[in-house]
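# Fold and contact review
Chain by chain, the residues:
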Amino acid sequence: MAAAAATTASLCFPVNGNRTHFRVGFSANQLRRPRRLTVRSDLDSDVSDMRVNAPKGLFPPEPEHYKGPKLKVAIIGAGLAGMSTAVELLDQGHEVDIYESRPFIGGKVGSFVDKRGNHIEMGLHVFFGCYNNLFRLLKKVGADKNLLVKDHTHTFVNKGGEIGELDFRFPIGAPIHGMRAFLTTNQLGTYDKARNALALALSPVVRALVDPDGAMQIIRDLDNVSFSEWFMSKGGTRKSIQRMWDPVAYALGFIDCDNISARCMLTIFSLFATKTEASLLRMLKGSPDVYLSGPIKKYIMDKGGRFHLRWGCREILYDRSADGGIYVTGLAMSKATQKKTVKADAYVAACDVPGIKRLLPQNWRESQFFDNIYKLVGVPVVTVQLRYNGWVTELRDLERARLENLICFAFKFINSEMARQLRQATGLDNLLYTPDADFSCFADLALASPEDYYLEGQGSLLQCVLTPGDPYMPLPNDEIIKRVSKQYEANACVIQVLTLFPSSQGLEVTWSSVVKIGQSLYREGPGKDPFRPDQKTPINNFFLAGSYTKQDYIDSMEGATLSGRQASAYICSAGEELVALRKALAANEESQQVAALV
Ligand SMILES: Cc1cc2nc3c(=O)[nH]c(=O)nc-3n(C[C@H](O)[C@H](O)[C@H](O)COP(=O)(O)OP(=O)(O)OC[C@H]3O[C@@H](n4cnc5c(N)ncnc54)[C@H](O)[C@@H]3O)c2cc1C
């Protein structure tokens, strides 16, 4: 089973009927070896059950069938957390309304089509093989066939097109495949590799093999130190951090190893070490609105759930009971100039970090629980899409490419050279990390997610995640594009696409887009984990969901999905209590009306 997972990923299929037959995607290894033509596009049934010998918090068992009273639940936010909460509640027979301030669903996995037909995404999204909660959700909504499995290798692109790999393809699964990947990686020299192995051998990851919950506790306790601090204290080297771990840390949390908590990194490593497929990457067939959030929305609506787009929650209305306890009485909503008050039995705020801070009533900060949320901050991130008129990650022999270009130029065959390139969609079909550019991770979506991103007659669509995003936030979009795609101007200040792929010289950017998110993931710096709030709050009829809330995973799609499951479980277990509160509130309201009449 492990071997099966390790031998897959390249595709060779026509995207749709009216497009030409084309070659899609190589992994780095495939550029050196004859390609296999295996197609695996779904969540294969032989992927092992992640719940076996794993921390219980990460992979909760299926909830028991709810037997309590039906509840009316209002959810603020149609990101993955809000939608995951909705799916769970609808499956338990409750009534659900989702209110989203934006015109589209999905939150940070949202995407939309612009006026010229381009799919604009909030960011590059990759699915680790340990996303059991998200895969469970995708199976439920019938979207499990929407993921494309990539080669089981993590690819680093260095200056000059040098490829480094953490290659997990090995007939023997965890932990042997991981040990082999780290011992044989060509991303690090022998000395750094040995020190790397030492650090990993001294990590709680080893304990995770026999005692996953014990290891998770140790990992949680390492939240106070940065990954660099922890790694160097165990014998790891600064060079390993620069060449391998910083790009990974940036990809996970948009911050580097000096700033990311050891907990965040080691949570992932412990899964990689203990589960063969945890490090196997998948990407969507196409854009998230079609292949991810779209099917979830359909499932919710088919089950009677309702979406209310452009309806933002302005204020949480609340009151105090005789014993001083707070309860929510409704949500003040607005859509352009329209206003209304929404009432429900339970209210879930499934917002992002800036959203929840804006929404919580100031008085609630008297409670430590709510005040802690203000100690979390979002990390800025900028995502750039660059469409080229050829295949950027093809990694052609540089001398040959130059010669071809020269001949084409001399004989005015430029168009035929371009035509050759465009006929053959080739390059690296996987998530790519780099230590040598301002974007730490990127992918050619025309290869990796071809359904919406491969366009006949056009080339690569690089989607690059600029980290740290801070220096780019104040720049105008055209300046950002210029810096990233830099076709060597004298004042070029960063090493960018061309430096990574010298053989792409001569290709031009034909279209580009920039998406800036001022506060995206919460900053998973040392010491921040204790400030993440539980989904159950001190207010009986008010719950939280969101990837930043407390769950054992990092801020991610999986974390968002898990938070939704946890929120739903809390709501169901409070069913009787919530109905009692509803009745008490109705009686109170009635008596107030009578008193007003008298
Ligand atoms: C560039 C980028 C790349 C990423 N790559 C990956 C990846 O490869 N793999 C991975 O697992 N994760 C990745 N993530 C993280 C992942 O996208 C998030 O962790 C996850 O989507 C968060 O979901 P959420 O529902 O918790 O929050 P959000 O998606 O932020 O949803 C919150 C929603 O609440 C709405 N809202 C807020 N306030 C209100 C209000 N007052 N009224 C109404 N609506 C409101 C917002 O508009 C939003 O739609 C990436 C994130 C970014 C930004």
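Predicted model, so just to flag it, every value in this text is computed and none were measured. (Residues numbered from 1 in each chain as written. Predicted model: local features only at pLDDT ≥ 70, side-chain atom pairs only at ≥ 80, totals over all residues. Heavy atoms only, no water.)

## Concerning the overall build of the chain
Convention followed: Helix numbering and strand numbering both begin at the N terminus, where a helix is a DSSP run of H or I of at least 4 residues and a strand a DSSP run of E of at least 2. By definition, residues are in contact when any of their heavy atoms lie within 4.5 Å. Residue-level accessible areas treat just the shown protein chains as cover; the underlying method is Shrake-Rupley with a 1.4 Å probe.
Counting its secondary structure elements, the chain contains 22 helices and 20 strands. In the chain, 73% of the contacts between residues at least 6 apart in sequence involve partners at least 24 apart. Per element, the accessible surface of the chain, about 23800 Å² overall, is 55% carbon and sulfur.

## Here's the deal with the sheet that holds strand β12 (residues 326-335)
The line we're drawing: Two strands pair under a simple rule: DSSP has to find at least two bridges between them. Here an axis means a line fitted to C-alpha atoms, over the contact stretch when the element is a helix, while the angle between two N-to-C directions is reported on a 0 to 180 degree scale.
Taken together, the 3 strands give an open sheet; going across it, the order is β11-β12-β13, and neighbouring strands pair in antiparallel fashion. A strand with exactly one partner marks an edge of an open sheet, and here the two such strands are β11 (312-320) and β13 (338-342). Strand-to-strand twist in this sheet, taken as the mean axis angle between neighbours without regard to direction, amounts to 25°. Taken together, the 5 bridges between β12 and β13 define a ladder with antiparallel strand orientation. For Leu331, the partnering residue across the bridge sits in β13 and is Val342.

## Some points on the environment of Ile260
Relative to the helices and strands, Ile260 resides in the loop between α9 (238-253) and α10 (262-274). C-alpha separation for the pair Ile260 and Ser228, spaced 32 residues apart in sequence, amounts to 8.2 Å. If sequence neighbours within four positions are ignored, Ile260 has contacts with Val225, Ser226, Phe227, Ala249, Gly253, Ile255, Met265, Glu524 and Pro526.

## A word on the packing of aromatic side chains
Our working rule: Two aromatic rings from Phe, Tyr or Trp, using only the six-membered ring of Trp, form a pair when their centres are within 6.5 Å; if the ring planes differ by under 30 degrees the pair is stacked, by over 60 it is edge-to-face, and anything between is tilted. Type-normalised accessible area, obtained with a 1.4 Å probe on protein chains alone, sets the label of each residue: buried when under 20%, exposed when over 50%, and partly exposed for intermediate values. For a lysine, the NZ atom is tested; for an arginine, the CZ atom; a charge sits over a ring if that atom is within 6 Å of the ring centre and within 35 degrees of the ring normal.
Taken as a whole and assessed by the stated rule, the structure comprises 22 aromatic pairs. Here Trp364 and Phe370 contribute two aromatic rings whose centre-to-centre distance is 5.1 Å and whose plane-to-plane angle is 40°, an arrangement assigned as tilted. Comparing Trp364 with Phe370 shows no difference in burial state: the two are buried. An aromatic cluster of at least three residues, connected via ring pairs, comprises Phe128, Tyr131, Phe168, Phe182, Phe227, Trp230, Phe231, Trp245, Phe269, Phe272 and Tyr553. Here the guanidinium or amino end of Lys340 rests over the ring plane of Trp311, the centre of that ring lying 4.3 Å away.

## As for helix α3 (residues 132-140)
Side chains of residues three or four places apart in an α-helix project in the same direction, reflecting 3.6 residues per turn. By the criterion of burial, α3 is predominantly enclosed, with 7 of the 9 residues buried. Asn132, Asn133, Leu134, Phe135, Arg136, Leu137 and Leu138 are the residues of α3 that are buried. Summarising the contacts, the buried residues of α3 are in contact with α2 (80-91), β5 (127-128), β6 (147-149), β9 (281-284), α12 (293-302) and α21 (557-573). Positive backbone phi, approximately 75°, marks Gly142, located one or two places after α3.

## As for the packing of helix α4 (residues 176-184) against helix α5 (residues 190-201)
To be explicit about the condition: For classification, angles of less than 35 degrees are called roughly parallel, those exceeding 145 degrees roughly antiparallel, those between 65 and 115 degrees roughly perpendicular, and all remaining angles oblique. Each residue gets one of three labels, nonpolar for Ala, Val, Leu, Ile, Met, Phe, Trp, Tyr, Cys and Pro, charged for Asp, Glu, Lys and Arg, and polar for the others, Gly among them.
Taken N-terminus to C-terminus, the directions of α4 and α5 make an angle of 150°; their axes are 8 Å apart at the nearest point. Judged by the angle between their axes, α4 and α5 are roughly antiparallel. Two secondary-structure elements touch here, α4 through Phe182, Leu183 and Thr184 and α5 through Lys193, Asn196, Ala197 and Leu200. When its residues are assigned to classes, the contact of α4 with α5 shows 4 nonpolar, 2 polar and 1 charged.

## Re the sheet that holds β9
One open sheet accounts for 3 strands, arranged β5-β9-β6; its pairing is antiparallel. Two strands lie at the open edges of the sheet, namely β5 and β6, each paired on one side alone. Sheet analysis places β5 next to β9, joined by 2 bridges and oriented antiparallel. Considered in β9, the bridge of Phe127 is made with Arg282.

## Remarks on the site of the ligand
Rule in force here: Summary of the distance rule: residues count as near a molecule or strand when at least one heavy atom falls within 4 Å of that molecule or strand. By the criterion applied in these results, polar contacts are pairs of N or O atoms within 3.5 Å in which, for protein atoms, one can donate a hydrogen and the other can accept it, and in which residues neighboring in sequence qualify only through two side-chain atoms.
Looking at the ligand, there are 38 residues lining it, with Glu100, Lys108, His125, Val126 and Tyr131 nearest. Between Asp555 and the ligand, the recorded distance is 2.8 Å, taken from a side-chain N or O atom to an oxygen atom. Ser556 is positioned with one of its backbone polar atoms (N or O) 3.2 Å from an oxygen atom of the ligand. In isolation the ligand exposes 1000 Å². Once the protein is present, 94% of that is buried. Broken down by secondary-structure element, the contributors of at least two residues to the shell around the ligand are α2, β2 (95-100), β11, β15 (381-388) and α21. Broken down by class, the residue content of the shell around the ligand amounts to 19 nonpolar, 14 polar and 5 charged.

## Comments concerning the confidence of the model for the chain
To keep things clear, this is the line we draw: For every residue, the predictor reports its confidence as pLDDT, a number between 0 and 100.
In this model, the chain carries a mean pLDDT of 86, and residues with pLDDT of at least 70 account for 85%. Low pLDDT, under 50, characterises residues 487-495; the predicted model gives this stretch 15 contacts beyond four residues in sequence or across chains.

## Things to note about the nonpolar core
Test applied: Residues belong to one nonpolar core when they are buried, are Ala, Val, Leu, Ile, Met, Phe, Trp, Tyr or Cys, and are joined through side-chain atoms within 4.5 Å.
Within the largest apolar cluster, 114 residues are counted, with the highest numbers of intra-cluster contacts made by Phe127, Phe227, Trp245 and Met265. In terms of residue count, the dominant contributor to this core is α10 (9 residues). Among residues more than four places away in sequence, those in contact with Met265 are Phe227, Trp245, Val248, Ala249, Leu252, Cys257 and Ile260. Counting residues in hydrophobic clusters, the runner-up holds 29 residues, among them Tyr347, Val353, Ile356 and Leu359.

## Points about the side chain of Asp429
Here Asp429 shows up in the loop between α16 (414-423) and β16 (432-433). A relative accessible area of 4% places Asp429 in the buried class. Among the polar contacts made by the side chain of Asp429, one reaches the side chain of Lys150 at a distance of 2.8 Å.

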